[in-house]
Amino acid sequence: QVQLVQSGAEVKKPGASVKVSCRASGYTLASHDIHWVRQATGQGLEWLGWMTPDRGSSGSGLKLQGRVAMTTNTSINTAYMELSSLKSDDTAVYFCARVRCVGDDCFADSWGQGTLVTVSS
Amino acid sequence: DIQLTQSPSFLSASVGDRVTFTCRASQGIGSDLAWYQQSPGKVPKLLIYAASTLHSGVPSRFSGSGSGTEFTLTISSLQPEDFATYYCQQFNRYPLTFGGGTKVEI
């Protein structure tokens, strides 16, 4: 079955970078977009950006623009999200999610288990 | 950016209750809306997409409706496993956005 398995928890200092991986199984990563979402403790979901693996195109919200990079390695069915110049309010659980589209109707139907990124001095 | 406002933020209910909550968009998004359920410590789970299409495997007690700027999610008979937080997400235009969530409590 479709599964997204993310890398383990990270602790980083302010100003550092973090790279989270998301390995897909049960389907070919290149077939669907991967989106990234984060959730601070006790807070709601925040959409971060998207990546189209087979084209290598990506985009993000204005809040993280310039600090976030989304890439894929389709040979190992893995997507990556790298966030740089980390600040304390980047502390959150980061999720990858597969987004499928049926015609014009799109939705995130499979999610990774989440990766806790803690930014602390 | 398209803002999604969910109401209420919290809802107290009992097993067997029929509950309805709302997601309002700051501008028209057609039917490009999905609903997710997130239980504490768990990953969000897709319930509804395209405003009213039930995702495969989701119980029929869940239903969605609406288009344009106003959407609703209804649970016809609340079950113990339904006590969770529910989020709407718009797929109409980037940046995609989520609503703030509705927490359903006993």
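Bear in mind that the values here come from a model prediction, so they are computed numbers and not experimental data.

A. Highlighting the state of the cysteines. Residues and elements named next belong to chain B. The final tally for this structure, using the stated rule, is three disulfides over all chains. Bridging Cys23 to Cys88, the disulfide has an S-S length of 2.1 Å. Note on the Cys23 and Cys88 pair: the S-S dihedral is about 75 degrees, so by sign convention the disulfide is right-handed. Here Cys23 is found in strand E3 (residues 19–25), whereas its partner Cys88 is found in strand E9 (residues 85–90), with 65 residues between them in sequence. Overall, Cys23 belongs to the buried group, its relative accessible area being 0%. Relative accessible area serves as the criterion here: at 0%, Cys88 is assigned to the buried category. Here the cysteine-cysteine linkages of chain A are recorded as 1-2, 3-4, numbering only bonded cysteines and doing so in sequence order.

B. Representation of the sheet that holds strand E7 (residues 68–73) of chain A in the model. Residue and element names in this part refer to chain A. With antiparallel pairing, four strands are arranged side by side in an open sheet as E1-E3-E8-E7. Lying at the two open borders of the sheet, with one neighbouring strand each, are strand E1 (3–6) and E7. Here the strands of the sheet are splayed against their neighbours by 20 degrees on average, with no regard to which way each runs. Pairing between E7 and strand E8 (residues 78–83): six bridges, direction antiparallel. Residue pairing for E8: Ala69 is matched across the bridge by Glu82.

Procedures and definitions
Residues numbered from 1 in each chain as written. Chains lettered and ligands numbered in written order. Predicted model: local features only at pLDDT ≥ 70, side-chain atom pairs only at ≥ 80, totals over all residues. Heavy atoms only, no water. Disulfide = S-S within 2.5 Å. Helix = DSSP H or I, 4+ residues; strand = E, 2+ residues; numbered from the N terminus. Buried < 20%, exposed > 50% of the residue type's maximum accessible area, 1.4 Å probe, protein only. Pairing = 2+ DSSP bridges. Axes fitted to C-alpha atoms, helices over the stretch in contact; angles between N-to-C directions.

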